[in-house]
Amino acid sequence: MEERENRETEKGEKPMEMKDNSHKTWATGKKASMKRRCEPHNYNERGIYMLTLCTEGRRPMLGTLKGNPDEKEGPDSPNVELSALGWEVLACWKNIPTFFPAIRLLKLCIMPDHIHGVLFVTEKMERHLGHVVNGFKVGTRKAAMRLGVIAAPVAQPTGQDGLRPHSKHSEHGVLWEPGYNDRILLRKGQLERMLAYLDDNPRRLLIKRKHPEFFTRLGTVQTAGMAMEAMGNRFLLDNPIKIQVQCSRSLYPQEIEQQKESLLQQAADNGAVVVSPCISPGEQQIATAALSEGLPLIVLLLNGFPPFFKPQPRYLEACSEGRLLMLAPYPFQNEKIEHMRQRCLQLNSLASAICHN
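Computed from a prediction, not measured in an experiment: that's the story for all the values here.

### A few points about the overall build of the protein
Phase 1: A count of helical and extended segments in the protein gives 9 helices and 13 strands.
Phase 2: Scored against the burial criterion, the 357 residues of the protein give a buried share of 47%.
Phase 3: For the protein, the computed accessible surface area is about 18900 Å², with 52% contributed by carbon and sulfur atoms.

Set out below in structure tokens:
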């Protein structure tokens, strides 16, 4: 699943062309934005995409989160009660095929401060996906101004140099953050998992709000002779018995299964905490099984915590129950990690050191 950027403007009817090099840093030549486009992908072509747009300043203008995270069905199940603007956003989304007949809408999840939408481009389009998003942004922005949620743009007086002073987006009545995030669904089973993920979005947010102590970054913790960024239950480090999971990629499935059964039994018998960077498929399987068995887990992240970090769904329940600690030995970077093998070896060494602390 690719996660990239398309950057468009919502300030005018005419979309800007996507220019990747405008978001590169002078020092490194690398894109500083988290929302990078998939360079070789043709966004005019047929494909399934999951789009994410956030409101400017992450303002919760689209609705109110309600319900009980423990109720999966019924009137008190987790949901977002849409605001007037939220209903307008829904109407604009449903209207997309009117302007782009090649698009079939599959799903829209409206959260208080962002939306996730899944759409299917059924055939090659004359205009790329960025134009579709820009049209949606323009329509919803007009609706927001009509409702009085945001102010209409005000012409700024020019200075002596003939230029208008720079203003923040909020002063120009902008509804959405610049750009958007897209994920290209390429593999079998991704669509079903994505739709289930979106259906569960309100419940996950309610869980985070119910247990904020386990979903707030803890700053740095000192362990294994190193300061690491952390999120989750830091007291798992104090458990005197910790067991490392380390599996070679060359293991056969039956060997992984044997190692999993042995480690889970050992951890359950001794009340141990499982420690792993969860890099190889075997390590991921064992960590997932440990969480399913109700065992505590310390995960060493391959990359750091990005802005607005959210634990993946399989970690969410464990985090809310205080059974998970996520440690980031390295700062977050949005470009490709160099010397990947060396970093993996370092993470396994850190996992070993934590178990022997």
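### Section: unusual backbone geometry
Phase 1: Unusually for a residue other than glycine, Cys278 sits at a positive phi of about 55 degrees.
Phase 2: For His339, which is not a glycine, the phi torsion comes out positive at approximately 55 degrees.
Phase 3: Topologically, His339 is positioned in the loop between strand S13 (324-328) and helix H9 (340-355).
Phase 4: Judged by relative accessible area, His339 falls into the exposed class, the value being 59%.

### Re the side chain of Lys260
Phase 1: In this structure, Lys260 sits in helix H6 (residues 253-270).
Phase 2: Looking at Lys260, the relative accessible area reads 19%, which means it is buried.

### Some thoughts on the environment of Ile243
Phase 1: By the secondary structure assignment, Ile243 is in strand S10 (residues 242-244).
Phase 2: Note: C-alpha distance between Ile243 and His356 (113 residues apart in sequence) is 9.0 Å.
Phase 3: Those residues in contact with Ile243 that sit more than four places away from it in its chain are Leu263, Gln266, Ala267, Ala272, Val273, Val274, Val275 and Cys355.

### Concerning the pairing of strand S5 (residues 103-110)
Phase 1: Two strands pair when backbone bridges link them, and S5 and strand S6 (residues 114-121) are joined in this way by 7 bridges, in the antiparallel orientation. If you follow Lys107 over to S6, its bridge partner there is Val118.
Phase 2: Where S5 folds back onto S6 in an antiparallel hairpin, the turn is made up of 3 residues.

### Regarding the nonpolar core
Phase 1: In this structure, Ile115 and Leu129 are the most contacted members of the largest nonpolar core, which totals 41 residues.
Phase 2: At the level of elements, strand S2 (47-54), strand S4 (79-82), helix H1 (84-94), S5, S6, helix H3 (129-147), strand S7 (180-185) and helix H4 (190-199) are the ones that each hand at least two residues to this core.
Phase 3: When residues of this core are assigned to their parent elements, the largest contribution, 5 residues, is made by H3.
Phase 4: Ranked by size, the runner-up nonpolar core spans 31 residues in total, among them Val274, Leu295, Leu297 and Met326.

### Side note on the sheet that holds strand S11 (residues 273-276)
Strands in a sheet are paired, the pairing made by backbone hydrogen bonds, and the direction either parallel or antiparallel.
Phase 1: Spatially, the 6 strands line up as an open sheet ordered S8-S9-S13-S12-S11-S10, and their pairing is mixed. Looking along the sheet, the strands with just one partner apiece sit at the ends: strand S8 (217-223) and S10. When strand polarity is set aside, the average angle formed by the axes of neighbouring strands in this sheet is 30 degrees.
Phase 2: By the bridge criterion, 4 bridges tie strand S9 (residues 226-232) to S13 in an arrangement that is antiparallel.

### As for the packing of aromatic side chains
Phase 1: According to the stated counting rule, one finds 4 aromatic pairs in the structure shown.
Phase 2: Taken together, a centroid distance of 6.1 Å and an interplanar angle of 90 degrees make the contact between Trp93 and Phe136 edge-to-face. With Trp93 in helix H1 and Phe136 in helix H3, the pair connects residues that are 43 residues apart, well separated along the chain.
Phase 3: For Trp93, a relative accessible area of 6% gives the class buried.

### Looking at the pattern of salt bridges
Phase 1: Evaluated as defined, the whole model comprises 11 salt bridges.
Phase 2: We note a salt bridge from Asp200 to Arg203, for which the minimum N-O separation is 2.6 Å.
Phase 3: The class of Asp200 is partly exposed, set by a relative accessible area of 22%.
Phase 4: Overall, Arg203 belongs to the buried group, its relative accessible area being 16%.

### Quick word on H4
Phase 1: Three or more residues of H4 are buried, namely Gln190, Met194 and Leu198. Each buried residue of H4 lies within a common arc of 65 degrees when the element is viewed along its axis, so the set occupies one face. The exposed set on the far side of H4, more than 90 degrees from its buried face, consists of Glu192, Arg193 and Asp199.
Phase 2: Residues of H4 that are buried in the fold lie against S2, S5, S6, S7 and helix H5 (201-210).

### Comments concerning the packing of H5 against helix H8 (residues 313-320)
Phase 1: Two elements in contact, H5 and H8, have axes separated by 10 Å at closest approach and are oriented at 30 degrees. By the criterion of interaxial angle, the relationship of H5 to H8 is roughly parallel. Taken as a pair, H5 and H8 cross one another with a handedness that is left-handed. Residues Arg203, Arg204, Ile207 and Lys208 of H5 lie in contact with H8, whose contacting residues are Leu316, Glu317 and Ser320.
Phase 2: Of the residues in the contact of H5 with H8, the class split is 2 nonpolar, 1 polar and 4 charged.

### Re the confidence of the model for the protein
Phase 1: Of the residues in the protein, 83% have a pLDDT of 70 or more, and the chain-wide mean is 82.
Phase 2: Averaged pLDDT values for the elements of the protein fall to 38 in strand S1 (residues 2-6) and rise to 97 in H1.
Phase 3: Across residues 1-34, where pLDDT falls below 50, the model places 97 contacts with residues more than four positions away in sequence or in other chains.
Phase 4: Confidence drops under a pLDDT of 50 for residues 163-171, and excluding neighbours within four residues, the segment shows 12 contacts in the predicted structure.

Definitions and limits used
- Residues numbered from 1 in each chain as written.
- Predicted model: local features only at pLDDT ≥ 70, side-chain atom pairs only at ≥ 80, totals over all residues.
- Heavy atoms only, no water.
- Helix = DSSP H or I, 4+ residues; strand = E, 2+ residues; numbered from the N terminus.
- Buried < 20%, exposed > 50% of the residue type's maximum accessible area, 1.4 Å probe, protein only.
- Areas by Shrake-Rupley, 256 points an atom, 1.4 Å probe, with all protein chains shown as cover.
- Contact = heavy atoms within 4.5 Å.
- Pairing = 2+ DSSP bridges.
- Core = buried A, V, L, I, M, F, W, Y, C linked by side-chain atoms within 4.5 Å.
- Axes fitted to C-alpha atoms, helices over the stretch in contact; angles between N-to-C directions.
- Phe/Tyr/Trp six-rings, centres within 6.5 Å; stacked < 30°, edge-to-face > 60°.
- Salt bridge = Lys/Arg side-chain N within 4 Å of Asp/Glu carboxyl O.
- Arc of directions from axis to C-beta.
- Parallel < 35°, antiparallel > 145°, perpendicular 65-115°, else oblique.
- Left-handed = near helix turned anticlockwise from the far one by under 90°.
- Nonpolar A, V, L, I, M, F, W, Y, C, P; charged D, E, K, R; others polar.
- pLDDT = per-residue confidence, 0-100.

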